[in-house]
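Summary of the model geometry
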Amino acid sequence: MTQFEVSKGGTATATEAAIVAQDVEKWYSNGFHVLKGVSLTVNKGEVVVLMGPSGSGKSTFIRTFNALEPFQKGSIEIDGIPLTPKLKNVDAIRREVGMVFQQFNLFPHLTVFENVSIAPIQVRNMPKAKADEIATQLLERVGILHQAKKYPGQLSGGQQQRVAIARALAMQPKIMLFDEPTSALDPEMVREVLDVMRSLANSGMTMVCVTHEVGFAREVADRIIFLADGLLVEDTTPAEFFNNPKSDRTRKFLSQILH
Amino acid sequence: MGDEFTLGRIFLNLLIATKWTIILSLIAFVFGGIVGFLVMLMRISPIKPLRFLSWIYVEFFEGTPLLLQLFLAFFGISVVFGINLSPLAAATIALTAFTSSFLADIWRGAVEALPKGQWEASSALGFGYFKKLRYIILPQAVKLSIAPTVGFLVQVIKGTSLASVIGFTELSRAASQINNVTLKALLVFALAGAIYFLLCYPLSVWSQKVEQRLNQQT
Amino acid sequence: MGYTFDFSVVWDNIGLFIAGALLTFRISLIAIAFGLILGIIGALFRTSGNRILNAITLAYVEIIRNTPFLIQLFFIFFGLPKLGIRLNAEQAAILSLSINFGAYSTEIVRAGVESIPKGQVEAAMALGFKPLKIFRYIILIPALSNIYTALIGQVILAVLFTSVVSQIATEDLTFAGDFLNSRTFRSFEIYFTVCLFYLAIVWIIKGIGYWVERRFFEFAKYSRR
Ligand SMILES: Nc1ncnc2c1ncn2[C@@H]1O[C@H](COP(=O)(O)OP(=O)(O)OP(=O)(O)O)[C@@H](O)[C@H]1O
Ligand SMILES: [Mg+2]
């Protein structure tokens, strides 16, 4: 038992694992037990898709990875850095982890270009010229460079979400978290965002995505994690998950989302 | 002589004067409401000169201090027309002008907050201008304007305190007079403030409640 | 009515009006600055989550908003000396105007802070922003753009309120009018001119307001809420 734990947290995995979460438990301040002991290891370069019914705790769980949500029990290590309430660690971890939100959360008072370059300048203290160069590259990569001078409010939802991805990438994170990045989009814009995410996955980025896009999950994910009522119910390959689900809970869920 | 003014006597005197604060507030609100309604009709009317005149009216009385409006009414009118206006008459005129300009603005805002489609739909049904106003626009605007109107009533009550400056004896002037005699400024003005608070606070709360209810509906 | 208007009394004493207007301007500026600081502190207290601070601030706001400024002014000017605090007329005027403006701006600033969606702060934290920079670069401008109409309106009301301080013999614009009125019979001309001065000040503030809107808050046109 002890040996097992040592080998898991020891040198062998420290270089391989990007995220190690062990028995994470969380209660909201109203007493609601939202995470009831969830463990998950994500290796470097892996793409993990998190699925589960509404209210199962998916958002809460991935938001613990960059300390947007505190948790009460268990442990989380990001790239070997233990996530404790210590401010120094929180800073270090947020440097490693980028996040994309369902509602984009772009800054309305900054142009598209400034949205991407502000964090490198203000948080990283990067010279403006360097930050501008990075912003230009990234906006080019997500196909929005020609709209760089506009305000977010002038863009479509799909375009805004691509800017949000570029904004997160500008901090050169090692891990990217996506919380339902396409759920707020009109159907015709989902594809353009998934395409960007797919190419990001192909470039070797470590990704944890909460999404119900079955096509994306089947094609891009290395593993699918199924969460229900604050518990991890399945951790398996996409093929297994969709074709041969183990639990009733999963089957019920799949029957709901597959049409 | 100062000894005669016990706490009870001070309070009683203030309460008697409060009657005039309430009366003046009601006068201002009724006359201000009537004039304000007419000014609002001018503000939203399709006739340009009417819109312009009402704009000047609102701009002037919203953009100048109520105190100056009282002086203009009390001293100015007396001199220009060669008549002697009583403080009550002058206060009535000034408070009516003040109240009507703000109410006209609040109510115009409510009318303009309605979707354009409401005007167009009622035109399409063949309503004439005044029927449109009467049956379609105003009933909806009234709902929107209740909260700010009640909120403004608080400003009117507080505004009546300035009538004391032209010699009208209401709560504030009574407080000043009692202070002159007793020299108990902290006590007297705190009491007067408390009475104003009791008049105003319920209205403030009511106005906030109405607004919350409206926000929840939409 | 055989009255003929004669504004010569105004021209002859224009220096008095201008001196009064300058004092009105100065008192307004100082009181609004202090009041805004009070308002920011008040808004911090109101949103701090600390029950006692919140209750005290709320009591302050409601007491000021539901009593006449004249009573507040008299309480401070006639009352504070009883407690051994000596204030001249101008100091009493500035103090009471600041306290008054502070109460109104507390609620305005609070509304501005609360108008910022939680997601904005979360996105900034996820990017590694620290609290002070979040306030400066993420919250401040959008919050200001949401409240600036209300704030400009309140500033205008505050300037108009300053006329009341003439009642404790602060030599402001209104006091200049009173002074001349007691010396001549040209009440209408004098007070009308004073009104025009206030109107001019109000229009200048409105003009600055429009300029600020176009210069700094252009984005707000596009951000649907
Ligand atoms: N601040 C909070 N306080 C109390 N309960 C909360 C809070 N935030 C979320 N919850 C509850 O915790 C549960 C999990 O929320 P979470 O957002 O993590 O779910 P989710 O799996 O992401 O759901 P969805 O698919 O709807 O986004 C829900 O039942 C939610 O109501
Ligand atoms: Mg969620």
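Reading the values: the criteria
- Residues numbered from 1 in each chain as written.
- Chains lettered and ligands numbered in written order.
- Predicted model: local features only at pLDDT ≥ 70, side-chain atom pairs only at ≥ 80, totals over all residues.
- Heavy atoms only, no water.
- Pairing = 2+ DSSP bridges.
- Helix = DSSP H or I, 4+ residues; strand = E, 2+ residues; numbered from the N terminus.
- Axes fitted to C-alpha atoms, helices over the stretch in contact; angles between N-to-C directions.
- Contact = heavy atoms within 4.5 Å.
- Buried area = accessible area lost by both parts, 1.4 Å probe.
- Salt bridge = Lys/Arg side-chain N within 4 Å of Asp/Glu carboxyl O.
- Polar contact = N/O pair within 3.5 Å; in protein donor to acceptor, adjacent residues only side chain to side chain.
- Parallel < 35°, antiparallel > 145°, perpendicular 65-115°, else oblique.
- Nonpolar A, V, L, I, M, F, W, Y, C, P; charged D, E, K, R; others polar.
- Near = heavy atom within 4 Å.
- Buried < 20%, exposed > 50% of the residue type's maximum accessible area, 1.4 Å probe, protein only.

Before going further, it helps to spend a moment on the sheet that holds strand E9 (residues 223-228) of chain A. Residue and element names in this part refer to chain A. Taken in spatial order, the six strands line up as E6-E7-E8-E3-E9-E10 in an open sheet, and their pairing is mixed. Bordering the open sheet on either side are strand E6 (97-100) and strand E10 (231-236), each of which pairs with just one other strand. The sheet shows a mean angle of 15 degrees between the axes of neighbouring strands, direction not considered. Here E9 runs beside E10; their pairing, made up of five bridges, is antiparallel.

Moving on to the interface of chain A and chain C. In this assembly, 26 residues from chain A lie in contact with 21 residues from chain C. Roughly 2,100 Å² of surface becomes buried between chain A and chain C when both sides are summed, with 63% attributable to carbon and sulfur atoms. On the chain A side of the contact with chain C, A:Phe107, A:His109 and A:Gln122 bury the most area, a combined 27% of that side's loss. Across the contact surface, chain A and chain C share two salt bridges. The shortest N-O distance in the salt bridge between A:Arg63 and C:Glu122 comes to 2.7 Å. Where chain A meets chain C, there are eight residue pairs in polar contact (both at pLDDT 80 or more).

Residue and element names in this part refer to chain C. Between helix H2 (residues 14-47) and helix H8 (residues 173-181), the shortest axis-to-axis distance is 7 Å and the interhelical angle comes to 150 degrees. Viewed along their axes, H2 and H8 adopt a mutual orientation that is roughly antiparallel. Contacts between H2 and H8 pair Leu16, Phe17, Gly20, Ala21 and Thr24 from the former with Leu173, Ala176, Phe179 and Leu180 from the latter. Tallied by class, the residues present in the contact of H2 with H8 amount to seven nonpolar, two polar and no charged.

Looking now at the interface of chain C and chain B. The interface is formed by 40 residues belonging to chain C together with 39 residues belonging to chain B. Buried surface at the junction of chain C and chain B, summed over both partners, amounts to about 3,400 Å²; 76% is from carbon and sulfur atoms. The interface formed by chain C and chain B includes one salt bridge. Counting across the interface, chain C meets chain B through six residue pairs in polar contact (both at pLDDT 80 or more). Counting only elements with at least two residues in the side of chain C that touches chain B, the list comes to helix H3 (51-65), helix H4 (69-79), helix H7 (131-161), H8 and helix H9 (187-216) of chain C.

The next thing to look at is the site of ligand 1. Residue and element names in this part refer to chain A. By nearness alone, 13 residues border ligand 1, and Ser54, Gly55, Lys58, Ser59 and Thr60 come closest of all. Between ligand 1 and the protein, one listed contact pairs an oxygen atom with a backbone N or O atom of glycine 55 at 2.9 Å. A distance of 2.9 Å separates an oxygen atom of ligand 1 from a polar side-chain atom of lysine 58. Here the shell around ligand 1 takes three residues from helix H3 (residues 58-65), the largest share from any one element. Its residues assigned to classes, the shell around ligand 1 comprises four nonpolar, seven polar and two charged.

This paragraph deals with the arrangement of the chains. The protein chains that touch form two pairs of chains, and the pair with the most contacts between them is chains B and C. Across all C-alpha pairs, the smallest distance from chain A to chain B is 22 Å, and the two are not in contact.

Residue and element names in this part refer to chain A. Burial of H3 is extensive: seven of the eight residues sit out of reach of the surface. Those residues of H3 not exposed but buried are Lys58, Thr60, Phe61, Ile62, Arg63, Thr64 and Phe65. Following H3 by one or two positions, alanine 67 has its phi on the positive side, about 65 degrees.

Residues and elements named next belong to chain A. Residue phenylalanine 104 is not a glycine yet carries a positive backbone phi of 65 degrees. Relative to the helices and strands, phenylalanine 104 is located in the loop between E6 and helix H5 (112-122). With a phi angle near 50 degrees, glutamine 172 is a residue other than glycine that sits in the positive phi range. Structurally, glutamine 172 can be placed in the loop between helix H7 (157-169) and strand E7 (175-179). Here glutamine 172 falls in the partly exposed class, since its relative accessible area comes to 48%.

Summed over the entire model, instances satisfying the criterion amount to 24 salt bridges over all chains. Across the pair B:Glu59 and C:Lys206 runs a salt bridge whose closest N-O atoms are separated by 2.8 Å. On the criterion of chain membership, the pair formed by B:Glu59 in helix H2 (residues 48-62) and C:Lys206 in helix H9 is interchain, its members lying in two chains. On the basis of relative accessibility, which here comes to 13%, the residue B:Glu59 falls in the buried class. C:Glu114 serves as the salt-bridge partner of C:Arg110, at 3.0 Å between the closest nitrogen and oxygen. Of this pair, C:Arg110 and C:Glu114 both sit in helix H5 (residues 89-114), four residues apart, which is roughly one turn of the helix. Ionic contacts of the salt-bridge type, sharing partners, join the residues A:Lys26, A:Arg63, A:Glu69, C:Lys118 and C:Glu122 into one network.

Let us look at the environment of A:Leu258. Following the sequence through the fold, A:Leu258 ends up in the segment after helix H11 (248-257). Given the relative accessible area of 41%, A:Leu258 is considered partly exposed.

Turning to the sheet that holds strand E4 (residues 73-78) of chain A, a few remarks are in order. Residues and elements named next belong to chain A. An order of E2-E1-E4-E5 is seen for the four strands of this open sheet, with the pairing classed as antiparallel. Strands at the two margins of the open sheet, each flanked by one partner only, are strand E2 (33-43) and strand E5 (81-82). Judged from the eight bridges that link them, strand E1 (residues 17-27) and E2 form a sheet pairing that is antiparallel. Within E2, the residue paired with isoleucine 19 across the bridge is valine 42. Those strands touched by H3 are E1, E2 and E4, and its axis lies near 55 degrees from that of E2.

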